[in-house]
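Chains, contacts and geometry: an overview
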Amino acid sequence: MKKIITIGEALIDFIPNKKGCSLKEVVGFERVAGGAPANVAAVVSKLGGKSNFISQLGEDAFGDYIIDELNKVNVDTSYVLRTNKANTGLAFVSLKEDGNRDFSFYRNPSADMLLNESEINKEWFNDCHSLHFCSVDLIDCPMKQAHKKAINCAIDNNSIISFDPNVRLPLWNSEDECRKAILEFLPFAHIVKISDEELDFITGFNNIEDAKEVLFNGSVKMVIFTKGKDGAEIHTKDKVVRIDGNIVEVIDTTGAGDSFIGAFLFKLLENEVDLECIDKLSCDTIRDYLLFANHYAAYSTTKKGAIASYANLEEIQEYIKNR
C-alpha cells in the first residue's frame with residue numbers, strides 16, 4: 001500500500017471544559033493535539049492506512065506531546081523537523097451550545113511557519129498516493145514555499161493533490177489576503193473540499209452550481225461540498241452525487257471536517273484509486289465513499305477533541321452497521 005502525506009500546521013488545541021460561553025469566560029481547558037493536516041494523517045493511520053506528516057515543531061514540551069500523540073496512532077513523524085527559533089503553535093477554543101467553535105491563535109510565528117522549502121526531500125514522495133494540504137500555512141512565510149515544493153514533488157510522482165482551504169481568518173492580515181492565497185493554490189489540486197460556510201467567501205457565490213465556475217480551475221477534477229447536518233455532495237465535471245446528513249448529538253465539531261476528508265482519502269487509498277481514475281468513478285462508488293466519510297465525521301462530533309475522537313476501522317464499521 002502507498003502512503004498519504006499531509007503537510008502544514010500541528011498545534012495544541014486548548015478545548016474548554018464548558019460549552020456555551022465566550023472564550024473570555026472559559027476558566028479551564030483540556031490540552032489536545034490538533035492542526036488540520038495532522039488530524040487528516042491521524043485519520044488515515046487510525047483506519048489502517050499509511051500516513052506521513054510534514055511539519056516543524058518547536059523544541060518544547062508541546063512539540064514533544066504532539067509527536068507522542070501522532071506516534072500513538074501510527075502516523076509516521078520522521079518528516080517532522082524541530083527548531084529552537086520558534087515555539088509550537090497554540091489555539092484556544094470556545095464551544096457554542098451546538099458544538100461549533102471560536103478560536104484564538106498564538107503563533108507569531110510558530111515553528112511550522114519556518115519550515116523551509118530546502119528541507120523538503122523529493123524522495124519522500126516516491127510512494128505517495130496523495131498529498132493533502134490546507135490554507136493555514138499559506139500565509140507569507142517560508143512554509144508557503146515548502147508547500148509549493150511538496151506539491152511539485154507529489155505531482156512529479158503522479159500523486160493525487162487534495163486541498164481543504166479550512167479557512168481561519170484570525171490568522172490572516174486581511175480577508176483578501178486569505179482568499180488570494182486559496183485561489184492561488186486551488187488550481188494545483190485535483191480534489192478540493194469546501195464547506196457551505198466557506199463557499200461564498202472563497203468563490204463569491206452562495207450556490208455550489210454557480211461556484212463550480214471558480215472551483216473547477218486548473219487541475220481540479222473533483223469538488224467535495226460538505227454541508228454539516230445537511231449532508232454532502234461530490235461534483236465532477238460530468239456528475240453529481242448527493243447524500244443526506246446524519247443526526248447525532250453533537251459534543252464537539254473540532255476536527256470534523258478533517259475527519260471527513262481523511263476518511264475519503266483513505267477510501268481512495270484502500271481501493272487503489274489513482275489520479276487517472278478519480279473523476280471516472282461510478283456514482284455508486286462515489287456514494288459509498290461519501291457515505292463512509294460522512295458517517296466518520298458524524299461519529300467524530302460525538303466526542304471531544306480531534307484525534308481522540310476518531311474511530312478505527314472496526315469502530316466505524318460497527319457504528320455504520322448500527323445506524
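The text that follows walks through the structure, step by step, so that each part is easy to find. (Residues numbered from 1 in each chain as written. Predicted model: local features only at pLDDT ≥ 70, side-chain atom pairs only at ≥ 80, totals over all residues. Heavy atoms only, no water.)

1. Details of the sheet that holds strand 8 (residues 128-134)
Taken together, nine strands build an open sheet; the order of strands is 5-4-1-8-9-10-11-12-13 and the sheet is mixed. Among the strands making up the open sheet, the edge pair consists of strand 5 (80-83) and strand 13 (240-243). The average angle at which neighbouring strand axes cross in this sheet is 15°, direction not considered. Of the pairings in the sheet, the one linking strand 1 (residues 3-7) to strand 8 comprises five bridges and is parallel in character. Considered in strand 8, the bridge of Ile-7 is made with Phe-133. Strands strand 10 (191-195), strand 11 (222-226), strand 12 (232-235) and strand 13 of the sheet are contacted by helix 6 (residues 208-215), whose axis makes an angle of about 45° with strand 12. Its contacts with the sheet place helix 8 (residues 283-300) against strand 12 and strand 13, and it is angled at close to 35° to strand 13. (Pairing = 2+ DSSP bridges. Helix = DSSP H or I, 4+ residues; strand = E, 2+ residues; numbered from the N terminus. Axes fitted to C-alpha atoms, helices over the stretch in contact; angles between N-to-C directions. Contact = heavy atoms within 4.5 Å.)

2. What to know about the pattern of salt bridges
Under the counting rule described, the total for this entry stands at 19 salt bridges. With a shortest N-O distance of 2.9 Å, Glu-69 and Lys-72 are connected by a salt bridge. Of this pair, Glu-69 and Lys-72 both sit in helix 2 (residues 61-72), separated by three residues, roughly a single helical turn. A residue is classified by how much of its surface remains accessible, and Lys-72, at 61% relative accessible area, is exposed. Between Arg-179 and Asp-176 there is a salt bridge, with the nearest N and O atoms lying 2.8 Å from each other. Residue Arg-179 and its partner Asp-176 are both found in helix 4 (residues 175-185); the two are separated by three residues, about one turn of the helix. Taking the relative accessible area as the measure of exposure, Arg-179 reaches 23% and is therefore partly exposed. Three or more residues are tied together by salt bridges with common partners; here these are Glu-209, Lys-212, Lys-227, Glu-233 and Arg-242. (Salt bridge = Lys/Arg side-chain N within 4 Å of Asp/Glu carboxyl O. Buried < 20%, exposed > 50% of the residue type's maximum accessible area, 1.4 Å probe, protein only.)

3. A few points about the pairing of strand 5
Here four bridges tie strand 4 (residues 50-58) to strand 5, and the two strands are oriented parallel to one another. Each bridged residue has a counterpart across the sheet, and for Gln-56 the counterpart in strand 5 is Leu-81. Taken together, strand 4, helix 2 and strand 5 form a β-α-β motif whose crossover is right-handed. (Right-handed = clockwise from strand over helix to strand, strands pointing away.)

4. Overview of the packing of aromatic side chains
Applying the stated criterion to the full structure yields twelve aromatic pairs. Ring centres of Phe-133 and Phe-163 lie 4.4 Å apart, and the angle between their planes is 10°; this geometry places the pair in the stacked category. Taken together, the residues Phe-133 in strand 8 and Phe-163 in strand 9 (residues 160-164) connect sequence positions 30 residues apart. Summarising the burial analysis for this pair, Phe-133 and Phe-163 share the class buried. Seen in terms of ring centroids, Phe-292 and Tyr-296 are 6.4 Å apart; in terms of plane orientation they differ by 35°. Their pairing is tilted. Here Phe-292 and its partner Tyr-296 are both found in helix 8, four residues apart, which amounts to about one turn of the helix. With a relative accessible area of 8%, Phe-292 lands in the buried category. Aromatic rings pair up to connect Phe-14, Phe-29, Phe-62, Phe-92 and Tyr-106 into one cluster. Directly above the aromatic system of Tyr-65 lies the positively charged group of Arg-31, at a separation of 3.7 Å from the ring centroid. Across from the ring centre of Phe-292, 4.8 Å away, lies the NZ or CZ of Lys-267, which sits over that ring. (Phe/Tyr/Trp six-rings, centres within 6.5 Å; stacked < 30°, edge-to-face > 60°. Lys NZ or Arg CZ within 6 Å of the ring centre and 35° of its normal.)

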